[in-house]
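# Examining the three-dimensional arrangement
If you want the building blocks of each chain, they are given just below.
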Amino acid sequence: MPRTARIAAPLAALVIAGLTATACAPQTSDNSSSGKDEKTGTLRVWLFQEVTNKPKEKVVDETIAAFRKAHDDVKVTVEYIPVETRAQRIKAAFNDPESAPDLMEFGNTDTAGYVKDGGLLDVTDEFTEWTEAKDSDPTAKQSVTVDGRIYGAPFFVGVRALYYRTDVFEELGLEPPTSQAELIDTARKIRAAKPDLYGLAVGGAYTFGAMPFVWADGGEIAKGKGGSYASSIDSAASQKGIKAYTSLFGDDNCPAAKCAGMGGNDTVTAFASGKAGMAIGGDFNYAAVEAGKVKGKFAVVPLPGVKEGSIAPAFAGGNNIGVLKSTTHRTLAVDLMERLASKETQGALFDAMGFLPTYTDVRADVAKKEPHIEPFVKTLSADTKFVPASPAWSQIDASLVLPTMFQEIVSGKKDVAAASKDAAKKMNDAFSSAG
């Protein structure tokens, strides 16, 4: 999946009474490839289909109804496309403007690649003058920014924190860990006392469960260099974090034979089914855990960093909404984009789907309504990281460069220095080829 924020929350009754109209798009040079800005006709919208889609449809329908009330001569058609086949559909749309939507939802890690492909419209001027944009989370804004230009609006975010078994902690007299060292020690204590449990479920293929350890130690995936990126996964700081994470693969916590191949879903499933004392999971996993065997016997706290009392930086996943460069309805498409990504719509989507808003003030409000969201909001407020804003990232991700590195280490095939050096070379090759 291109995003990390998916949740099947209970259906909430939604009544959205007339969304506040967003400001009209400012006068700006038209950089759409069509060269047109028609004020009538039909807008086509592509959004991702959820496992439970009706609540999302209801919110979207209400938003579009308000949009159409302001634009009598405009029709809107919405198609919900499967996430799994998005790559083919979107590539075809970029190549054939006649079949392309005017605006679409996309995973935030896909932004740079879509910009390189020439598919997304530069909306920097409109976004800058949009009143609500000032309250966007900085990392969410970064996810629509490439080379200082903005190509969409953040739609929702997702972030991970530490799930733990309250019953196990109470039985063993444990407290939620407040540092990375305590986390590792607590995991081993649980495993020693209860050999049938993983202390902390970890996965060799769980990139965004591993990276907080790297980031907490001051490491990075890559750093900007000469208008491009250069990998820093083999830096001394990164290697320190890699060692901390891979130290959790062993008989004293999560045996490598079982855990090396596990991904994020596997670790969360292990926790939800009662096979782990702790796990690193997202706000988007909460409903699944609540529906599992540990219902009523777990809690969530921010994943601790190296310094006692600190919070480890987490990957800010999520989705964006953007206008396609081929649109013939620039002004209308930007208006609808802003309405779909507005504070009111994002608040309604949280109620309907559990999607975390990208606005700091709206997030604070939903945390008051739903206390279980608070650890995730604290994590977002503390520090979040994003993948390199390079079209090369999709190649690096698809090639499993980081999972391969972690798996080589936990299997004993390579040491940290050799595995991270090899991963850095693969990443740099990808960055170079991307230009």
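Residues numbered from 1 in each chain as written. Predicted model: local features only at pLDDT ≥ 70, side-chain atom pairs only at ≥ 80, totals over all residues. Heavy atoms only, no water.

In total, this model carries one disulfide according to the counting rule given. Residue Cys254 pairs covalently with Cys259 via a disulfide, S to S 2.0 Å. Disulfide Cys254-Cys259: torsion about the S-S bond near -85 degrees, hence left-handed. You can call Cys254 buried: its relative accessible area is 0%. A relative accessible area of 0% places Cys259 in the buried class. (Disulfide = S-S within 2.5 Å. Buried < 20%, exposed > 50% of the residue type's maximum accessible area, 1.4 Å probe, protein only.)

Attention now goes to the environment of Glu170. Here Glu170 shows up in helix 6 (residues 166-172). By relative accessible area, which is 69% here, Glu170 ends up exposed. Placed 112 residues apart in sequence, Glu170 and Gly282 show a C-alpha to C-alpha distance of 23 Å. (Helix = DSSP H or I, 4+ residues; strand = E, 2+ residues; numbered from the N terminus.)

On to the packing of aromatic side chains, then. Scanning the model with the defined rule gives 18 aromatic pairs in all. Between Phe208 and Phe315, the ring centres sit 3.9 Å apart and the planes meet at 10 degrees, which makes this aromatic pair stacked. Residue Phe208 is located in helix 8 (residues 207-216), and its partner Phe315 is located in strand 13 (residues 314-315); the two are separated by 107 residues in the primary sequence. Here Phe208 falls in the buried class, since its relative accessible area comes to 14%. Ring-pair connections join several aromatic residues into one group, and the members of that group are Tyr163, Phe271, Tyr286, Phe298 and Phe376. Cation over ring: Arg89 sits above Trp46, and NZ or CZ is 4.5 Å from the ring centre. (Phe/Tyr/Trp six-rings, centres within 6.5 Å; stacked < 30°, edge-to-face > 60°. Lys NZ or Arg CZ within 6 Å of the ring centre and 35° of its normal.)

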